Amino acid sequence: MNAPELHWEENGVARSARWHSETGATPPKRVIVADDTLTADMAYRHACEGVGLLWRGDFQNARQLLQAITRRVDKRPRKPVETQLEAFNQHRQVQSQRARILGMLLIPFDAGHTIPLRRAPDAHPACEAAHVPGDAPFVASLRELLGLIGAYEWRRKGVEIAALNNRIHPHYGVFSPVRGEYVDLVANTPMPRGSVAFDIGTGTGVLAAVIARRGGKRVIATDTDARAIACAHENLERLGLSGQVEVEQTDLFPEGRVSLIVCNPPWLPARPSSPLEHAVYDPDSRMLRGFLNGLKDHLTPNGEGWLILSDLAEHLGLRTREQLLEMIETAGLRVIDKLDTRPVHGKARDASDPLFAARSKEMTSLWRLGAADA
């Protein structure tokens, strides 16, 4: 498939370049050239109208302009809502509009990921780490570029995981284990007898690593995303666990039956608005249902499936506890036990967050599941 192109006129000459967007955003239909003379108010007005601003001025001034546009976007009033579901839907709509407006400030790239602007950073390492094609010039949004650079710093520094007494290094586009409470649940729950385990949707490989460190002689970690596969491989090798953990690119389950199968699916049953949101949103609970419906056929007698799931969806009105229990029962499973912990991330205590009423009640649980007829 050919990459989309961005078209504009500059100095009376029609120009074009390849368009790159990690979020899947389409290129703006109208583009004007902008520089340091553009005011924040005018930039905000153009961005709200869907006009792309191709920057030719100082890079650091572009960053300041993006911050100024952000302040104007965030001052927009919100309509009163009566339910948490309305609050969630409004929040997603606001976030989508915010991303669209802020994505209108555009940065040119030469081949090799070089940014031909004054005081521009060296973006090559971050772009290369995220596998952004650099064989030809292209244009991308400044907001996405800053996201790439921020993700690259996370990857370099890593995230401290107490259960491993080490760091996990998330790649761009792979869900970072910054919410350590679900990792601690896996680290502290008594493991069933058996030497082989599956980690479904492994992401960074953090749960596979925890299981291996706890005595799992062989762990098979699966994921469908190529970035996650590469990320898990790198982390497991760094931790010295490549001999214990196999990483397989497949949808849900590998072949065979094992005594322990762990899955931490996306927690919210809603449609992702970009490829990067697939780690958070599970449309129609596809992954959750797939895990539950296939679990029984991949467990040994008396084996356990560990489902790590937040109940935020229940507090937002996206799914009820009764619906979850019905999914479990329909899949021929029973609940052996449920271990709960409260999130410790900042938004759970931030009363200004539009979803605070739901987040303040959130509980993260590890559901120990077994075959109903076992």
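Remember, predicted model here, so these are calculated numbers, not experimental data.

## Overview of the side chain of S285
Relative to the elements of secondary structure, S285 occurs in the loop between β12 (258–263) and α9 (286–295). For S285, the side chain forms a polar contact with the side chain of R319, separated by 3.4 Å. Residue contacts for S285: discarding those within four places in its chain leaves P269, R319 and M327.

## Description of the sheet that holds β12
Think of a sheet as strands paired side by side through backbone hydrogen bonds, with each pair either parallel or antiparallel. Spatially, the 7 strands line up as an open sheet ordered β11-β10-β9-β12-β13-β15-β14, and their pairing is mixed. Here the strands that pair on one side only, and so sit at the sheet edges, are β11 (245–249) and β14 (333–341). Looking at each pair of strands side by side, their axes are set apart by 20° on average, direction ignored. In terms of strand pairing, strand β10 (residues 218–223) meets β11 through 5 bridges, oriented parallel. Considered in β11, the bridge of V219 is made with V245.

## Considerations on the layout of surface pockets
In this structure, the second largest pocket spans a volume of roughly 360 Å³. Around the second largest pocket sit V73, D74, R76, P77, R78, K79, Q90, Q93, V94, Q95, Q97 and R98, which together line it. Residue assignment for the lining of the second largest pocket shows that the elements contributing at least two residues are α2 (59–74) and α3 (84–102). In terms of residue count, α3 provides more of the lining of the second largest pocket than any other element does, 6 residues in total.

## Quick notes on the nonpolar core
If you look at the biggest cluster of nonpolar residues, it comprises 55 residues, and the most contacted ones within it are V186, I200, I261, F291 and L292. When residues no more than four places from it in sequence are discounted, the contact partners of I261 are F198, I200, F253, F291, L295, H298, L299, E304, G305 and W306. Ranked by size, the runner-up nonpolar core spans 34 residues in total, among them L38, A68, F138 and L148.

## Focus: the sheet that holds strand β1 (residues 5–10)
Read across the open sheet, the 6 strands follow the order β1-β2-β6-β5-β4-β3; overall the sheet is mixed. Two strands in the sheet have a free side with no partner beyond their single neighbour: β1 and β3 (30–34). Neighbouring strand axes in the sheet, compared pairwise and without regard to direction, differ in orientation by 40° on average.

## Here's the deal with the pattern of salt bridges
Note on pairing: side chains with opposite charge can pair once their charged atoms come close. Tallied over the entire structure, the rule returns 23 salt bridges. The salt bridge involving E153 is made with R156; its shortest N-O contact spans 2.7 Å. A residue pair is termed a helical-turn pair when its members lie 3 or 4 positions apart in one helix, as E153 and R156 do in helix α5 (residues 142–157) at 3 residues. A residue is classified by how much of its surface remains accessible, and E153, at 28% relative accessible area, is partly exposed. Here D251 ties to R286 by a salt bridge, and the two come within 3.5 Å at their closest N and O atoms. Here the residue D251 occupies a position in the loop between β11 and β12, and R286 occupies one in helix α9, the gap between them amounting to 35 residues. When salt bridges with common partners are traced through the structure, they connect E10, R15 and R56 into a single cluster.

## Focus on the domain arrangement of the chain
Taken domain by domain, the chain comprises domain 1 (5–154) and domain 2 (158–371). One C-alpha centre belongs to domain 1, the other to domain 2; they are set 33 Å apart. Taken together, the 15 residues of domain 1 in the interface contact 24 residues of domain 2. Summed over both partners, the interface of domain 1 with domain 2 buries about 1,700 Å², with 60% contributed by carbon and sulfur atoms. When residues of domain 1 are sorted by the area they lose upon contact with domain 2, F88, R92 and W154 head the list and together hold 37% of the total. Seen at the junction of domain 1 and domain 2, the total is 2 salt bridges. Here E22 and R227 are joined by a salt bridge, their closest N and O atoms 3.0 Å apart. For the pair domain 1 and domain 2, the interface holds 7 residue pairs in polar contact (both at pLDDT 80 or more).

## Here's the deal with the packing of helix α6 (residues 181–188) against helix α7 (residues 206–213)
Running from amino to carboxyl end, α6 crosses α7 at an angle of 25°, the nearest separation of the two axes being 9 Å. Here α7 runs roughly parallel to α6, going by the angle between their axes. α7 is crossed by α6, and the crossing has right-handed handedness. Counting all contacts with α6, which are made through Y182, V183, V186 and A187, the residues of α7 involved are V206, L207, V210 and I211. In the contact of α6 with α7, the residues fall into 8 nonpolar, no polar and no charged.

## With respect to the packing of α9 against helix α11 (residues 321–330)
Taken N-terminus to C-terminus, the directions of α9 and α11 make an angle of 35°; their axes are 8 Å apart at the nearest point. Of the residues in α11, those in contact with L288, R289 and L292 of α9 are L324, M327 and I328. For the contact of α9 with α11, the class distribution of residues is 5 nonpolar, no polar and 1 charged.

Rules behind the numbers
- Residues numbered from 1 in each chain as written.
- Predicted model: local features only at pLDDT ≥ 70, side-chain atom pairs only at ≥ 80, totals over all residues.
- Heavy atoms only, no water.
- Helix = DSSP H or I, 4+ residues; strand = E, 2+ residues; numbered from the N terminus.
- Polar contact = N/O pair within 3.5 Å; in protein donor to acceptor, adjacent residues only side chain to side chain.
- Contact = heavy atoms within 4.5 Å.
- Pairing = 2+ DSSP bridges.
- Axes fitted to C-alpha atoms, helices over the stretch in contact; angles between N-to-C directions.
- 1 Å grid on protein atoms, 1.4 Å probe; cavity = no way out; pocket = protein on both sides within 12 Å on 5 of 7 lines; lining within 4 Å.
- Points joined across faces, edges and corners; volume = space filled by probe spheres on them.
- Core = buried A, V, L, I, M, F, W, Y, C linked by side-chain atoms within 4.5 Å.
- Buried < 20%, exposed > 50% of the residue type's maximum accessible area, 1.4 Å probe, protein only.
- Salt bridge = Lys/Arg side-chain N within 4 Å of Asp/Glu carboxyl O.
- Domains from an automatic or database assignment.
- Buried area = accessible area lost by both parts, 1.4 Å probe.
- Parallel < 35°, antiparallel > 145°, perpendicular 65-115°, else oblique.
- Left-handed = near helix turned anticlockwise from the far one by under 90°.
- Nonpolar A, V, L, I, M, F, W, Y, C, P; charged D, E, K, R; others polar.

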